[in-house]
Amino acid sequence: MPVRHGLLTLLSRGPRHGYQLRVEFEASTGATWPLNIGQVYTTLSRLERDGLVKPGESDEQGRVVYTITAAGREEMVRWFSTPVIHSDRPRDELVIKLAMAVAAKKVDVAEVIHKQRTATMRALQQLTRAKRAATEGAAQRLVLDSMIFQAEAEQRWLDHCEAVLKEER
Amino acid sequence: MTFVRLAEVARVHGEGATAVHALKGVSLEVDVGELVAVMGPSGSGKSTLLNLAGGLDRPTSGTVHIGEQDLATMRDLAALRRRSVGFVFQDLNLITSLTAAENVMLPRELDGLRSSLARKEAMAVLAEIDAEYLADRFPDELSGGQRQRVAIARALVGERRLLLADEPTGALDTRTGDEILQTLRARSDAGAAVLLVTHEPRYAAWADRVVFLRDGMITDTTDTSLVSAP
């Protein structure tokens with residue numbers, strides 16, 4: 001669960017309260033993964049339950065400051081040393097849609113591809129604009145780069161589908 | 001303000017049964033300060049489109065205007081190209097026996113400019129793209145990305161405000177490719193009309209508008225509004 005480990009990583013830089021964690025999380029992910037404050041506190045209480053963080057005194061505004069524990073640091077190290085496996089990836093609606101369009105025979109697949117390609121390109125243009133405007137440093141830009149590479153992969157796959165289907169006809 | 005305008009442009013190579021219809025009635029405009037990307041697979045007519053837009057080739061039918069000028073009425077396309085159009089290709093851009101600055105000066109010297117003045121202009125345009133420090137290096141002392149940026153400077157030296165780029169990111173890695181697009185983008189934001197041909201979505205995405213070319217026809221463009229499926 002990346003939010004859990006993300007918060008642990010931020011806490012490894014020093015004690016923080018929930019609101020601070022939320023701001024820093026969004027800044028380093030380029031706000032591509034918005035967190036609500038409720039989610040932050042739910043995650044913190046689970047981390048506390050598991051002994052990975054401990055709450056301290058509340059500050060003058062009543063906010064509780066959390067500190068990472070030794071077990072929390074170990075968990076963070078374990079996270080960074082484990083590769084991410086995409087086996088549990090949610091199924092992609094676009095892939096299913098195109099497969100169904102091909103199977104249905106009566107659907108204009110080329111048109112589905114054109115519409116999607118234009119929409120994906122627009123998304124890619126927006127991401128590129130966001131990247132040009134990104135000022136929060138390398139972490140933010142790299143998150144946007146990841147989304148750019150994914151959109152690009154989709155675009156290439158659509159081109160590939162078009163070329164393959166053209167030969168089939 | 002439109003700077004280059006192609007109207008119903010067709011280009012046929014050869015004739016009769018073996019005729020190849022490279023472009024079949026393409027209309028496209030690029031405004032001052034606009035970056036337009038043309039995407040398409042090989043054989044879709046991308047390079048033909050670029051060559052027609054820059055007056056390297058003439059259409060079989062349809063018209064091409066650069067600024068106010070109808071290219072069909074121009075005798076001396078070479079002079080027009082030198083004055084108004086800059087080209088950047090994938091490679092073979094720079095003359096290896098000349099320094100970066102001398103390469104950039106060259107089109108202006110061909111225009112008849114004194115070499116001191118040409119040098120001044122070359123240094124100015126190199127400064128605009130933060131490449132002044134490359135001025136006295138020879139092409140083989142430059143990285144691929146640096147060579148392309150010098151080629152962009154050369155394409156824009158003097159009064160030229162139309163830049164045509166054919167796969168300028170060629171074999172460059174994505175980070176260097178992004179730098180090239182950054183330079184093209186900055187030049188277009190500064191008022192140049194830029195037409196970029198690429199088959200790479202990530203670079204096309206820097207454009208204000210992306211045009212998809214298939215089999216010599218524009219099949220789609222990103223500036224039309226699209227209703228997304230529920």
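Preceding this paragraph is the structure being described.
Residues numbered from 1 in each chain as written. Chains lettered and ligands numbered in written order. Predicted model: local features only at pLDDT ≥ 70, side-chain atom pairs only at ≥ 80, totals over all residues. Heavy atoms only, no water.

Engineer: A description of helix 5 (residues 93-104) of chain A should follow, citing residues and the corresponding values.
Structural biologist: Residue and element names in this part refer to chain A. Helix length check: helix 5, at twelve residues, gives a terminal C-alpha distance of 16 Å against a target of 16 Å (1.5 Å per residue), a fit within 8%. Taken as a whole, helix 5 has its buried residues at Leu94, Leu98 and Ala101. The buried residues of helix 5 occupy one face: seen down the axis, they fall within an arc of 60°. Seen from the open side of helix 5, the exposed residues pointing more than 90 degrees away from its buried face are Glu93, Met100 and Ala103. After helix 5 finishes, the residue Lys105 shows a positive phi value of roughly 65°. (Helix = DSSP H or I, 4+ residues; strand = E, 2+ residues; numbered from the N terminus. Expected span 1.5 Å × (residues − 1). Buried < 20%, exposed > 50% of the residue type's maximum accessible area, 1.4 Å probe, protein only. Arc of directions from axis to C-beta.)

Engineer: Report on empty space enclosed by the protein, specifying residues and quantitative values.
Structural biologist: Tallied over the entire structure, the rule returns one cavity of 30 Å³ or more. The space that makes up the largest cavity amounts to roughly 30 Å³. The wall of the largest cavity is formed by A:Thr128, A:Lys131, A:Ile148, B:Asp178, B:Arg202 and B:Trp206. Tallied by class, residues from the lining of the largest cavity come to two nonpolar, one polar and three charged. (1 Å grid on protein atoms, 1.4 Å probe; cavity = no way out; pocket = protein on both sides within 12 Å on 5 of 7 lines; lining within 4 Å. Points joined across faces, edges and corners; volume = space filled by probe spheres on them. Nonpolar A, V, L, I, M, F, W, Y, C, P; charged D, E, K, R; others polar.)

Engineer: Which residues make up the interface of chain A and chain B, and what values do they have?
Structural biologist: The interface of chain A with chain B comprises 22 residues on the first partner and 26 residues on the second. Note on chain A versus chain B: buried area summed over both sides is about 1900 Å², and carbon and sulfur give 52% of it. Our enumeration of links across chain A and chain B arrives at seven salt bridges. Here B:Glu200 makes a salt bridge to A:Arg156, at a shortest N to O gap of 2.9 Å. Counting every contact that joins chain A to chain B gives eleven residue pairs in polar contact (both at pLDDT 80 or more). In terms of residue count, the dominant contributor to the side of chain A that touches chain B is helix 6 (residues 109-133) of chain A (twelve residues). (Contact = heavy atoms within 4.5 Å. Buried area = accessible area lost by both parts, 1.4 Å probe. Salt bridge = Lys/Arg side-chain N within 4 Å of Asp/Glu carboxyl O. Polar contact = N/O pair within 3.5 Å; in protein donor to acceptor, adjacent residues only side chain to side chain.)

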